[in-house]
Amino acid sequence: MKVAEMKGRKLYGVFAIAVVLLYTSAGGNNEQITVPVDGSPEYEQADDHDTVNFEPAYLKLHRSGELKERAEKLWSMMGECSLCPRECGANRLGGATGFCRSKGTSLYVSSSFPHFGEERPLVGRGGSGTIFFANCGLRCVFCQNYEISHLGRGTTVSIEDLADMMLALQRRGCHNINLVTPTHYAAHILKALDIAAGKGLRLPIVYNTAGWERLEILRLFDGVVDIYLPDFKYWDSAMADRYSAGAGSYPGITSEAILEMHRQVGVARPGKDGLVSRGLMIRHLVMPVDVSGSFKIMEWIAENLPKDTYVNIMAQYRPAYKAYDYPEISRTITAEEYSAVVARARDLGLTNLDSRTFWWLD
Amino acid sequence: MSGGFMKNRISIAIFATGFSGIVGQVLLLRELLIVFSGNEFSIGIILANWLILEAFGSFVLGKKAEKTKNLIVTYAAIACIFSFALPSMVYITRILRPILGYSIGEGVGVLPILYSSFLILLPVSVLHGSLFTFGCKVYSTLSEADAASIGRAYVYETAGTITGGIVWSFLLIPYLHSFYISVGVSAINFLVCVLLLPNICTLLFFSLGVYSIVAGPADYLHQRSIKAQWSPQDLVYYGNTKYGNISVLHKDGQYTFFLDGTPQIDVPVPDIIAIEEFVHLPMLSHPDPKELLILGGGAGGVINEILKHPSVESIDYAELDPKLIELVELFPTDLTERELKDPRVTIKHIDGRLFLRMADTGYDSIFVGFSEPSDLQTNRFFTHEFFTLARKRLKEDGILVFGLPGSLTYLSEELKNLNSSVFHTLHMVFPYVRVIPGDGTNLFLASASSAILLLDTPRLAERVTKRNLKAHAIVPRNIENKLHPGWTDWFLQFTEGSSGKINSDFSPAGVFYTISHWNALYSSLFQSFFQTLEKLNLKMVGLCFIVLSALILPFRIKGVCFSGSGIPLCMVTTGFAGMIFDLALIFTFQVIYGYVFAWLGLLIACFMTGTAFGAMIITSLLSRIRDEVKLFRILDLSIILFTLLLPLVFLLCRPYFDKPVLFLSFRLVILFLGFAGGLLVGSQFPLANRIYLKEHRNIARTAGLFYGADLLGGWFGGLAGGVILLPVLGFFGTCLTAALLKIFVFLFMVSGPERIKSRKEGLVQ
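Computed from a predicted model, the values in this text were never measured in an experiment.

Novice: I would appreciate a short explanation of a positive patch on the surface in the present structure.
Specialist: Residues and elements named next belong to chain B. Residues Lys63, Lys64, Lys67 and Arg701 make up a contiguous surface patch of positive charge. A per-element tally of the positive patch places helix α2 (residues 41–67) first, with 3 residues. Within the element layout of this structure, lysine 64 appears in helix α2. Residue class for lysine 64 comes out exposed when judged on its relative accessible area of 53%.

Novice: How should the side chain of histidine 150 of chain A be read in this particular structure?
Specialist: One can find histidine 150 of chain A in the loop between α5 (146–149) and β3 (155–157). If sequence neighbours within four positions are ignored, histidine 150 of chain A has contacts with Arg101, Arg139, Cys140, Cys143 and Tyr321 of chain A.

Novice: What am I meant to see in the pairing of strand β2 (residues 245–251) of chain B here?
Specialist: Residues and elements named next belong to chain B. Burial within β2 is extensive, with 5 of its 7 residues counted as buried. Pairing geometry for strand β1 (residues 235–240) and β2, over 5 bridges, is antiparallel. The partner of asparagine 240 across the bridge, within β2, is asparagine 245. From the end of β1 to the start of β2, which pair antiparallel, there are 4 residues, and glycine 244 there has a positive phi angle of about 155°.

Novice: Honestly, the environment of glycine 438 of chain B in this entry has me stumped. Any pointers?
Specialist: Take glycine 438 of chain B: it is sitting in the loop between β10 (432–436) and β11 (440–447). When the C-alpha atoms of glycine 438 of chain B and proline 268 of chain B are compared, they prove to be 24 Å apart, with 170 residues separating the residues in sequence.

Novice: Just to check I follow, could you spell out the sheet that holds strand β7 (residues 345–348) of chain B for this structure?
Specialist: Sheets are built from strands paired through backbone hydrogen bonds, the pairs being either parallel or antiparallel. Residue and element names in this part refer to chain B. Pairing is mixed in the open sheet, where 7 strands are placed in the order β7-β6-β5-β8-β9-β11-β10. In this open sheet, the two edge strands, each paired with only one partner strand, are β7 and β10. Each neighbouring strand pair of the sheet contributes to a mean axis angle of 15°, computed without reference to strand direction. Relative to strand β8 (residues 363–368), strand β5 (residues 291–295) runs parallel, the two being bridged by 4 bridges. Among the inter-strand pairings, isoleucine 294 is bridged to a residue of β8, identified as phenylalanine 367.

Novice: In this structure, what is going on with helix α3 (residues 71–94) of chain B? I would like to understand it.
Specialist: Count 3.6 residues to each turn of an α-helix, and residues three or four apart come out pointing the same way. Helix length check: α3 of chain B (24 residues) gives 35 Å between terminal C-alpha atoms against 34 Å at 1.5 Å per residue, within 8%. Of all 24 residues in α3 of chain B, 17 are buried; the element is thus mostly enclosed.

Novice: How do you make sense of a nonpolar patch on the surface when you look at a structure like this?
Specialist: All names here are of chain B. Judged by side-chain polarity, Ile166, Phe170, Leu171, Tyr175, Leu176 and Tyr180 come together as a nonpolar surface patch covering roughly 620 Å² of accessible area. If one sorts the elements of the nonpolar patch by residue count, helix α6 (residues 147–175) sits on top with 4 residues. Relative to the helices and strands, phenylalanine 170 is located in helix α6.

Novice: Can you walk me through the side chain of serine 421 of chain B in this structure?
Specialist: Within the secondary structure layout, serine 421 of chain B lies in helix α17 (residues 413–429). With near-sequence residues (within four places) excluded, serine 421 of chain B lies in contact with Ser499, Lys501, Asn503, Ala509 and Tyr513 of chain B.

Novice: Explanation requested: the nonpolar core in the structure shown.
Specialist: One recurring pattern in soluble globular proteins: nonpolar side chains tend to sit buried together. Of all hydrophobic cores here, the largest spans 213 residues; its most connected members are Leu400, Phe402 and Phe650 of chain B. With 22 residues, the single largest contributor to this core is helix α29 (residues 699–750) of chain B. Membership of the second largest hydrophobic core comes to 95 residues, among which are Tyr108, Tyr207, Phe221 and Ala257 of chain A.

Novice: Honestly, the sheet that holds strand β6 (residues 227–230) of chain A in this entry has me stumped. Any pointers?
Specialist: All names here are of chain A. Reading across from one edge, β3-β1-β2-β4-β5-β6-β7-β8 is the order of the 8 strands in this open sheet, with mixed pairing throughout. The open sheet has two edge strands, β3 and β8 (310–314), and neither has a second partner. Shown here is a sheet whose adjacent strand axes are inclined to one another by a mean of 30°, direction ignored. Across 5 bridges, strand β7 (residues 279–285) lies against β8 in parallel orientation. Bridge pairing in β8 links methionine 281 to tyrosine 310.

Novice: Looking at this structure, how should I read the packing of α17 of chain B against helix α21 (residues 486–495) of chain B?
Specialist: The relative placement of two packed helices is expressed as an angle between their axes plus a distance between the axes. All names here are of chain B. Packing of α17 against α21 brings their axes to within 8 Å, and their N-to-C directions diverge by 110°. One element, α17, and the other, α21, form an angle in the roughly perpendicular class. Where α17 approaches α21, its residues Leu415, Lys416, Asn419, Ser420 and Phe423 are matched on the opposing element by Phe491, Leu492, Phe494 and Thr495. Partitioning the contact of α17 with α21 into residue classes produces 5 nonpolar, 3 polar and 1 charged.

Novice: Hey, could you run me through the pairing of β11 of chain B in this one?
Specialist: On a regular strand, one side chain projects to one face of the sheet and the next to the other, so that they alternate. All names here are of chain B. Extensive coverage of β11 is indicated by the burial of 6 of its 8 residues. Both strand β9 (residues 394–406) and β11 contribute to a ladder of 8 bridges, which runs antiparallel. Its bridge partner being in β11, leucine 404 is matched across the sheet by asparagine 442. Where β10 lies against β11, 5 bridges are found, and the strand directions are antiparallel. Paired with valine 435 across the strands is phenylalanine 444, a residue of β11. Where β10 folds back on β11, the antiparallel hairpin that results is connected by 3 residues.

Novice: In this structure, what is going on with the confidence of the model for chain B? I would like to understand it.
Specialist: Do not read the predicted coordinates in detail wherever pLDDT is low. With 91% of its residues at a pLDDT of 70 or more, chain B shows a mean pLDDT of 84. Both scores are given for the predicted complex: the pTM is 0.84, the ipTM 0.83.

Novice: What's the story with the interface of chain A and chain B in this structure? I'm lost.
Specialist: Accessible area lost upon the coming together of the parts serves often as the stated size of an interface. In this complex, chain A contributes 59 residues to the contact, which on the side of chain B involves 60 residues. For the pair chain A and chain B, the summed buried surface comes to about 5300 Å²; carbon and sulfur atoms form 61% of the total. Across the chain A-chain B interface, the total number found is 2 salt bridges. Aspartate 271 of chain B serves as the salt-bridge partner of arginine 318 of chain A, at 2.6 Å between the closest nitrogen and oxygen. Taken together, chain A and chain B are joined by 11 residue pairs in polar contact (both at pLDDT 80 or more). Of all the secondary structure elements, the ones that give two or more residues to the side of chain A that touches chain B are α1 (2–30), β1 (107–115), α4 (120–123) and α5 of chain A. When residues in the side of chain A that touches chain B are grouped by element, the largest group, 10 residues, is from α1 of chain A. Partitioning the side of chain A that touches chain B into residue classes produces 28 nonpolar, 15 polar and 16 charged.

Novice: Before we go on, may I ask you to explain unusual backbone geometry in this structure?
Specialist: All names here are of chain B. A cis amide bond links serine 231 to the next residue, proline 232, at an omega of 0°. Following the sequence through the fold, proline 232 ends up in the loop between α9 (218–230) and β1. With an omega of 0°, the peptide bond running from valine 267 to proline 268 counts as cis. Inspection of the secondary structure assignment puts proline 268 in the loop between β4 (262–267) and α10 (272–285).

Thresholds, definitions, all that
Residues numbered from 1 in each chain as written. Chains lettered and ligands numbered in written order. Predicted model: local features only at pLDDT ≥ 70, side-chain atom pairs only at ≥ 80, totals over all residues. Heavy atoms only, no water. Patch = residues over 30% accessible without salt bridge, like charges linked within 9 Å, V, L, I, M, F, W, Y side chains within 5 Å. Areas by Shrake-Rupley, 256 points an atom, 1.4 Å probe, with all protein chains shown as cover. Salt bridge = Lys/Arg side-chain N within 4 Å of Asp/Glu carboxyl O. Lys, Arg positive; Asp, Glu negative; His and termini not counted. Charge placed at Lys NZ, Arg CZ, Asp CG, Glu CD. Helix = DSSP H or I, 4+ residues; strand = E, 2+ residues; numbered from the N terminus. Buried < 20%, exposed > 50% of the residue type's maximum accessible area, 1.4 Å probe, protein only. Contact = heavy atoms within 4.5 Å. Pairing = 2+ DSSP bridges. Axes fitted to C-alpha atoms, helices over the stretch in contact; angles between N-to-C directions. Expected span 1.5 Å × (residues − 1). Core = buried A, V, L, I, M, F, W, Y, C linked by side-chain atoms within 4.5 Å. Parallel < 35°, antiparallel > 145°, perpendicular 65-115°, else oblique. Nonpolar A, V, L, I, M, F, W, Y, C, P; charged D, E, K, R; others polar. pLDDT = per-residue confidence, 0-100. Buried area = accessible area lost by both parts, 1.4 Å probe. Polar contact = N/O pair within 3.5 Å; in protein donor to acceptor, adjacent residues only side chain to side chain.

As C-alpha cells, then:
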C-alpha cells in the first residue's frame, strides 16, 4: 500500500515536472521581451541579431599567430608574477603561490554558464556566457563572491578545457564570452582563446575585471578584447588600502587603465538588436558612507570620457565575508545614497546609464 | 574524624562533581553554539569531545589514583584547578571567533568546530573526568572496596547531574549570565575543597580570596568578553532567551539584530533589494492577495513591503521568541514602528509550524522567513510534512514562498543537492513550482494553480502600475531581469542529476546539504568526505555489519581471540546507544517543537536520572543477583529492543499531533523516553563492574575502564550520530544503525564468555 502510494507520488512528480517544462517552453515561444521601460533599445529574437556577422577582434591576431605570441609573453611574466598591479613576484612557473592565492600555473574555474542577470546589452535572449575564475589579486573584505575569490573554490581545468567551455557557451546561444576576474589567468585565457578561435569561436570577449590592471598587460589585450567591463570601486586611495588588502594604488592605476581600455574599444554602443559587441562598460558599486567616492568617480568619467560612456551604477552592496569587521560598511546602502549618485551622474551629463539604474528614481 | 563522617563529605564532593559537570557542559555548549551559529549538529561534536576528554581524564589520569598517596589532597587540588579552568574557558570561548580568524556572521566549518571545541573543553573535561575516578577511589577506600561502592559513587555523581540539569533549566538560564554561573560552579568546588581539607583550609581560603579578587567582577569579565567577541562593533544588547542568543549592534542609527551569531534584522536600512525581490515577485504573482501569513523573519522590512499592496487585509506573523520583537520595539526605527503597529498585522509568539497546524483561515500567500534549513529548527519549514500542511492552509490559488541559498558564481555539488532535494520535495506536494535563481538566494514559489508559471514581465509590470507600487528595486526592468525565460532552463540544468532525496522532519536531508554546503566552502578538505557520506544508506550499513559478523564471529566461536573484550566492548556500544538516545531525543524535541535551548538541561538531566536510577536499582540488588552475566545479557537485549521501538513510538504518536493538548503533552513522553533509555543504559554499568571485578581486583582501574568504555562509545555516538547518522540516515535509520551495532556486539559477547567461564574454572582449579 505504502510502496504503491510512493510510486504514485513519484509519477505525479514526474508528471508535474513535465507540465512545468511544457509550460515554460510554450511560454518561451510566445513570449516577447519588449518592455521599453526607460527608452533603452529593445532586443528581438536571438537568431537575427548582429553577432551573426560579427567578427571578433582576436580573430585577426589568431590568424597572424600573434595571439599565441602574446599568450607566451604573458606566460613568461608568471616567472616573477607581474600580471596584476600587486606584482607579488611569485614564481608561478616554478609552482609558487601568488598573492592572489593562485597555485603555480594551475587554472581554477569556479563555474561557466549562460548568465541572465548581467547588463542588459550583454544578456539579450541567449544570456552572457560567463566563466568565473577562482582567486583574485584585489581581495576586498566585503567580496560578494568570496567563496571563489578568497577561498578559491572551483575545479582545476586545462587550457583545452577552458577553450571547450568557451565553445560550449557559444553552442548554447550565448552572445559573448564573459571572463570574470580574469587578471591572474590572463596568459591561460589567451592560450585558450587561440585554441577556441581555431575551433570556430566567434563571440566577443568581455573582460570583466576589478579595473585594477597594469597598462603593460592591457596593451597585450589590444585587439583581443572586444568589451571591457571594469569596476571603478574607489576614488580614495586610503579606502582601497583599507578594504582591498593594501591596494592603495587602486584609484590611480584604475583610472589610467580605464582610459587605455577606452582607447582600445571606444564607447559601447548597442547594435540594432540591443546587444553590445564592442566597447567600454564601467561598473560602479555604491557603498555605504561614500566609501567608494561615487561623486568623484562620476565626475572623473564625465571629464575624461565621452558623455555617452556606458556606466552601470550598482546598488547591490551588502555586507559579506569580512564586512562585519568594519562597522561602517556593515549595512546595505540607503535609497538616498544611491539616488544621489545617479542624480549626480545625470547632472554631469552622462547619458548612457544602465537601464537598471533608474529603479530607484520615481 | 570518623570514616563515616568523611564518607559523607566525599559523597557531597562527588555530588558537586556531577553538578559541576552538567552545568559546565551545558554552559560551554551554549557558549560554543553561539560561536558556531546555533547549528545543532555541532552539539554532537561538542558532546563527543566532552565525553572523550572525560574518558581520558577518568581513565588515564584516574589510573594515577591507584598510586597517589594523599588522595584527598590531590582530589581537592584537581577541584581547585577545575574551578579556575571553567570561567577561563568561558572567556576564551567568547573570544574564540577572532582567535580562529572568523568575522562576525561568517560560518565556521566542521574542522574548526571539531578542534576548537576540543581545545576549549580540554582542561575542563579532563579535570572533571579525573575527579570522578579519584572520587570513586576515595569513596571506596572509605567504604569496603567493592563493586557496590563504585555503583554508589556513580549514583551520587548522577544525582548531582540531575540537580544541575534542573537548576540550569529553571534557575540559571533565565536569570544569570555565563560568568555568574561559571563562577558559582567554581565557588561550589572551592567550598567542597574546604569541606574535604579542614586542616589546610587556610591555604584554600587564601586561594579562594585570590579567586574572588579575580572572579569577583564577573560582570566586568562578562562585559569585557562580549565586547571582545563583537569587536570592533558597538554592541548595545546581548542576552540569552529560552530560544537562543540575541545580540544587537548599533552604528549611526542603524541596528543589526543577530540570532545565535547570524544577522537577521537590519533596520532602518534593510537589504532593500533582497527583501523587495522576496516580497514583491510573489505578491505580484497573486492577482488579489488579501490574507497573508509570515512564518519568522517578518520584522525588519518584509511586512513593510507586503503592506504596500493595497489589497492586503490581514497579516498573521508568527515569531517564536517574544524577546526579539520586544528588542525591535526597544530600539525603534521608522520602519519597524510602521510595520509592527499597523492594525492589519497580528503578531503571534508561537512556533510557525504549530501556528499553521492550529490555523483555520485559508491564506493567499505563506512566506517562510528562514533563509535556509541550516538546523533542525529551520529545516521544519522545508520538509514534506510542512509543505503538505502549508498546502492545506493555502487557498486554491495561494502561493507558498521561501528562499534557499543560491549562487551565480560557484555552483557546488552541495548547493545543487540542497536545491534539488527541496525542489523535489516541494514538487511532491505542489503541482506547480517556479524557481527564480539569484545571487545569494534562489526564490521558490509553489502553488496548486498554474498561474505562477504563466507570469511574465508585461503582466507583472501591469500590476506594478495598477497597484501603484512604490518599490525601489522591483520595477519592470528588474522584473524582466529576474523573470528572464533563460532562468527556468538554467535552474533545471543546475539541479540536473543532483539529489532526489526527500527532505522530511525525521530525515533532514536539507540540513545535511546545508551543512555540507557551508562546510565545503570553509574547509575544502572535508568536501569529498561529505560527498562520500551523502551516498551512505541503510543497505550499506546493514551490509557492513553482516560482513563484520561473518569475519569476526567464527573466530569468536572457536575461541581464538579477544578474550575478555566482550563486556568492555558491550559497554562501548551501550555508551554509543545512550548518546544516540540522547541526541535523537534532543533532535526530536527540536523537530517537533522548534526549540530546544531551554529544555536541553532537562532532557539531558532526565536521561541522566534514568542512568542513576538504573545504577541505583542494580547496585542495591547486587548482592542478591546470582547470574550477573545472564542479567547483563537481558539488559543488553532490552537496550536493543528499546532502540528499535523508539522510532515506532514517534510513528504511532505522529497522527495525534494535530490536537494541541496531545501535541504539548508529548513533551512529557519525550522526557520519559529519555528517562527510560537512561534507565537501561545505567543499569549495565554496575553489573559490568561486578562481572569484571570477579577477575580483576583493581577498583579504580575497573571503574575507569568501564567509565572510559561508556564514554568512548558516547564519543562515537556523538560524532557519528550528530554529524553523519542523524543528518544522512534520519531518525529511523540512526536508531536502526545503533540497534545493528548493539546486535553485532551482543553476538560477539555471547559467542565469547564460555572462554571466560572456562578460564575462571581453570583458575579455581
